[in-house]
Amino acid sequence: MYRYDDFDRDFLLDRNREFRAQVERRLAGQLTEDEFKPLRLMNGLYLQLHAYMLRVAIPYGVLSTRQLRQLGMIARRWDKGFGHWTTRQNIQFNWIKLVDAPDILEALAEVDMHAIQTSGNCIRNVTADPFAGAAADEIEDPRIWAEILRQWSTNHPEFTFLPRKFKIAITGALEDRAAIAFHDIGIRIVGGPNGTFGFRVYVGGGQGRTPYVAQEMKDFLPPDQLLSYLEAMLRIYNLHGRRDNIYKARIKILVNAIGVDAYRAQVEDEWECIRGEEIDLPADEVARIQAHFAPPQLQLNPVDHATFSKARSEDGGFDRWVRHNVLPHKNPDYAIVSIAFKEPGRPPGDATGEEMEHVADAADRYSRGEVRVTYTQNLILPNVARADLADLYEDLKSAGLVAGNTDLITDIIACPGLDYCNLANARSLPIAQDITERFADPERAEAVGELRLNISGCINACGHHHSGHIGILGVDKKGTEHYQITLGGSPGGDAAIGDIVGPSFPAEDVPDAIETIVDTYLAQRRDGEAFLATYARVGADPFKEALYGTPR
Amino acid sequence: MPSVITANRLVDGIVVYLSEDDKWLTDLAAARVADDEAGLEKLTAIAGQAAADHIVVGPYSMAVDLSEGVPGPKSVREQIRAAHRPTITAVTEAR
């Protein structure tokens, strides 16, 4: 993974010294809240319902075990013992004191981490395929390009005060595990002629109040022109994005207002002017960054198939975990392991400091010291020898982290909702808990099959409800929490925005409504087809009828 | 409508309520209740000064339910704030 050099470290130390002085001035009464708020937000510090919240950047979801242990330490020392994996591969701490924030940022800097650009109208943390460098279906490792984008976008003077926040995601694999179609810019690495590769660039995707699936911007961009092209894209957005109306300020609104062709024409004109201006990195600099992501030297470690099969047949839990949480690696002797923080009844994405330390130890032992965060709020061990799977399972089992439910109905994405968030209209976490408890029987969840259920506590859609196969949106209806249900959304290659199925439900009726939807799907399903296939075939009517009765 | 003033404390962000002797306490039940507009105006002025004095952040008034004179929250949001915790069993707590 990328390691900071002296320049990076000095920059961060300077920045932290600056923020420490700003906090001191605020506490001493030399700065008003109006003056201080933009300064703290530039350092990832929000004020939420109960306390300050610190959002820490995890660049493209990649963590070393040293970093993960430090996050665990921060959770225990300065928070209430836990943190929350976010839907942008970051972590949030919910119970931060302003007086402690400078010390926490210093502790983060010790392990090359920070909270810069996790808030504000700038380019936020670049997200990527959490299986990067390991996935069996990978064309090219996206981390190199995510890191180049991170360096380009960090403190970019022209793009520090954009019309609105800006999110970029990149994948280098065939399957989209980064939801690139729901980003301001989505990048897919594709094969080119003669074994080369390039980028297919998408623009204007996003969730929130006005959801859009991103549109194709450029079919094939050679890798050495990535930065100049994105610079031109951001520049045109910065010029024309609506600063007069916060609800219309994202690039998705601009692109859909003028049309992607008109936007592209302006970008291409600008690109022609700036391409030669040394924005793009020279090949030796790309090679320097690439060297940080050299493929690990994985030892020959073939699994004993007889022993492995015996272990699976003797332990149903292990067998299920292998079916759902063990995923194909480039090297057939290895696997990618998903560690689910979604045991039924748990608040989705919350992890204790001890669990972070436990996973860090397991990653050192079994995954070459590397961990990934997924936008679905789980952790990934990217390089596990298949011969070690049984031992790893026992290790994780001792920490209660072996829910074998990756991508099943209980693997819910949920934002913190009204339990923590100042923007929320309704709670997300209790709804998630109720639904996971309803489907707690792992055999039942498995019989339902792959089903993405996402919950947001307000229209800002941090819980990605628009892209859930089943989406749940919390709304305030005359002072009570109600929940609107959408069907047919999808985050991946077949990206789609879910359709509202009908009037909203009060909280206590939501688990029944979800059960009704699932039962309707199972009754309509043909030949084991997935939920989305059934929904595409039968449409919304059978679900509406089951939920609301026959229309008169 | 009976109302109180709430805010977040500057140093740690904790939810507080304007109480007797202009103190900011974490217990909603101890909050000073304004019964009319004049009373609320007075509390609002005290709260504005506390924000200017860098004691609290973002003070606002909210209507409360009175039970034997003791103020309680009206909305889910204010119930959650007054409880100083989420409504779920936290991941650190026994389930």
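What you are looking at is a predicted structure, and each value in this text was computed from that prediction instead of being measured. Throughout this description, residue numbers start from 1 for each chain and increase along the sequence as written. Written order decides the labels, with chains lettered from A and ligands numbered from 1. Where local features are concerned, this predicted model is filtered to residues with pLDDT of at least 70; where side-chain atom pairs are given and counted, the filter is 80 or more; whole-chain, interface and lining totals use all residues.

K.L.:
I'm lost on the overall build of chain A in this one. Help?
P.N.:
What chain A contains, in helices and strands, is 18 helices and 21 strands. In this description the radius of gyration comes from C-alpha coordinates, and the expected globular size is given by 2.2 Å times residues to the power 0.38. For chain A, the C-alpha radius of gyration of 23 Å lies close to 24 Å, the compact-globule estimate for 552 residues. Considered along the principal axes of its C-alpha atoms, chain A spans approximately 65 × 60 × 60 Å. With 552 residues in all, chain A has 53% of them scored as buried. If you take every contact in chain A between residues at least 6 apart in sequence, the share linking residues at least 24 apart comes to 67%. Helix numbers and strand numbers start at the N terminus; a helix is a DSSP run of H or I with at least 4 residues, a strand a run of E with at least 2. Put simply, a residue is buried when 20 or more other C-beta atoms lie within 10 Å of its own C-beta and exposed when 12 or fewer do; between those, it is partly exposed, and each C-beta is set from the backbone. We call two residues in contact when their backbone-placed C-beta atoms lie within 7 Å.

K.L.:
So what exactly am I meant to see when it comes to the overall build of chain B here?
P.N.:
Check the secondary structure of chain B and you find two helices and six strands. Seen through its C-alpha atoms, chain B measures out along the principal axes to roughly 45 × 30 × 20 Å. Counting all 95 residues of chain B, 36% fall into the buried class.

K.L.:
Just checking my understanding: could you explain the sheet that holds strand β7 (residues 168–171) of chain A for this structure?
P.N.:
The strands making up a sheet are joined through hydrogen bonds of the backbone, oriented either antiparallel or parallel. All names here are of chain A. Think of it this way: DSSP has to see at least two bridges between two strands before they count as a pair. The five strands are arranged β6-β7-β8-β9-β10 in an open sheet whose pairing can be described as mixed. The open sheet has two free edges, formed respectively by β6 (127–128) and β10 (215–221), since each of these has just one partner strand. Pairing between strand β8 (residues 185–191) and strand β9 (residues 197–203): seven bridges, direction antiparallel. Among the inter-strand pairings, R188 is bridged to a residue of β9, identified as R200. With axes taken as lines fitted to C-alpha atoms, and helix axes fitted only over the stretch in contact, angles between N-to-C directions fall between 0 and 180 degrees. In this fold helix α6 (residues 226–240) packs onto β8, β9 and β10, with an angle of close to 10° to the strand it touches most, β9.

K.L.:
How do you make sense of the interface of chain A and chain B when you look at a structure like this?
P.N.:
How big an interface is tends to be reported as the loss of accessible area on association of its parts. Listed by partner, the interface residues are 29 residues for chain A and 22 residues for chain B. Elements that contribute at least two residues to the side of chain A that touches chain B include exactly β13 (350–352) and α14 (429–438) of chain A. Classifying every residue of the side of chain A that touches chain B gives 14 nonpolar, seven polar and eight charged. Note on residue categories: nonpolar means Ala, Val, Leu, Ile, Met, Phe, Trp, Tyr, Cys or Pro, charged means Asp, Glu, Lys or Arg, and polar means any other residue, Gly included.

K.L.:
Quick question: what am I supposed to make of the nonpolar core here?
P.N.:
Nonpolar side chains in soluble globular proteins generally cluster together in the buried interior. Residues and elements named next belong to chain A. Definition of nonpolar core: a set of buried Ala, Val, Leu, Ile, Met, Phe, Trp, Tyr and Cys residues joined via C-beta atoms within 7 Å. Y52, L54, I170 and M233 are the most contacted members of the largest nonpolar core, which totals 137 residues. Residue contributions to this core peak at eight residues, all from α6. When residues no more than four places from it in sequence are discounted, the contact partners of L54 are G44, L45, Q92, F93, I96, A101, I104 and A115. In this structure, C421, L429, A432 and L453 belong to the second largest nonpolar core, which totals 45 residues.

K.L.:
Teacher, can you tell me more about the packing of helix α1 (residues 6–27) of chain A against helix α4 (residues 101–110) of chain A here?
P.N.:
The geometry of a pair of packed helices is captured by two quantities: the angle between their axes and the separation between those axes. All names here are of chain A. Relative to each other, α1 and α4 sit at 170°, their axes nearing to 9 Å. Between α1 and α4, the angle falls in the class roughly antiparallel. Within the contact between the two elements, α1 uses L12, L13, N16, F19, R20 and V23 and α4 uses A101, P102, L105, E106 and A109. Taken together, the residues that form the contact of α1 with α4 break down as eight nonpolar, one polar and two charged. The cut-offs work like this: below 35 degrees is roughly parallel, past 145 is roughly antiparallel, 65 to 115 is roughly perpendicular, and the gaps in between are oblique.

K.L.:
So what exactly am I meant to see when it comes to unusual backbone geometry here?
P.N.:
For residues that are not glycine, phi is negative in most cases, and the peptide bond is trans in most cases. All names here are of chain A. Residues other than glycine seldom take positive phi values, yet Y60 does so here, at roughly 40°. Judged by the 28 C-beta atoms lying within 10 Å of it, Y60 falls in the buried class. A positive phi angle, near 50°, is found at A179, a position not held by glycine. Inspection of the secondary structure assignment puts A179 in the loop between β7 and β8. Given 24 C-beta atoms within 10 Å, A179 falls into the buried group.

K.L.:
What am I meant to see in the pairing of strand β2 (residues 52–56) of chain A here?
P.N.:
The two faces of a sheet get side chains in turn, since along a regular strand they alternate between them. Residue and element names in this part refer to chain A. Of all five residues making up β2, five are buried, and the element is well covered by its neighbours. Here β2 shows two buried faces, one formed by Y52, L54 and V56 and the other by M53 and R55. Sheet analysis places strand β1 (residues 45–47) next to β2, joined by three bridges and oriented antiparallel. Pairing of L47 across the sheet is with Y52, part of β2.

K.L.:
Could you clarify how one ought to interpret α4(A) in this entry?
P.N.:
A turn of α-helix holds 3.6 residues, and therefore any two residues three or four places apart point the same way. Listing the buried residues of α4(A) in full gives A101(A), I104(A), L105(A) and L108(A). One side of α4(A) carries all its buried residues, which in axial view fall inside an arc of 100°. By construction, the arc corresponds to the directions joining the helix axis to the C-beta atoms.

K.L.:
Would you mind going over the confidence of the model for chain B with me for this structure?
P.N.:
Atom-level detail of predicted coordinates should not be read off regions where pLDDT is low. Looking at any residue, its pLDDT shows the predictor's confidence there, from 0 to 100. Scored by pLDDT, chain B has a mean of 96; 98% of the residues are at 70 or more. Here the predicted complex carries an ipTM of 0.97, next to a pTM of 0.97.

K.L.:
Would you take a moment to explain the environment of L12(A) for this structure?
P.N.:
All names here are of chain A. Among the secondary structure elements, L12 is positioned in helix α1. According to the C-beta neighbour criterion, L12 is buried, with 20 such atoms within 10 Å. On a C-alpha basis, the gap between L12 and I517 in space is 50 Å, while along the polypeptide they are 505 residues apart.

K.L.:
Would you explain the environment of I409(A) in this entry?
P.N.:
Residue and element names in this part refer to chain A. Relative to the assigned elements, I409 resides in the loop between α13 (389–397) and β16 (413–414). For the pair I409 and E446, spaced 37 residues apart in sequence, the C-alpha to C-alpha distance is 8.5 Å. Once you skip the residues sitting within four places of it in the chain, I409 turns out to touch F439, A445, V448, L451, L453 and V518.

K.L.:
What am I meant to see in the sheet that holds strand β2 (residues 15–18) of chain B here?
P.N.:
All names here are of chain B. One open sheet holds the four strands; their spatial order is β3-β2-β1-β4, and the pairing between them is antiparallel. The open sheet has two edge strands with one neighbour each: β3 (24–25) and β4 (56–63). Pairing between strand β1 (residues 3–9) and β2: three bridges, direction antiparallel. Across the sheet, the residue bridging to A7 is V16, located in β2. Lying on the sheet, helix α1 (residues 37–52) is in contact with β1, β2, β3 and β4; it crosses β4 at an angle near 165°.

K.L.:
Please explain helix α2 (residues 76–83) of chain B as it appears in this structure.
P.N.:
Burial runs high along α2(B): six of the eight residues are buried. Turning to α2(B), its buried residues number three or more, namely V76(B), R77(B), E78(B), I80(B), R81(B) and A82(B). Those residues of α2(B) that are buried lie in contact with β19 (480–487) of chain A together with β2 and β4 of chain B. Just beyond α2(B), the residue with positive phi is H84(B), at close to 55°.

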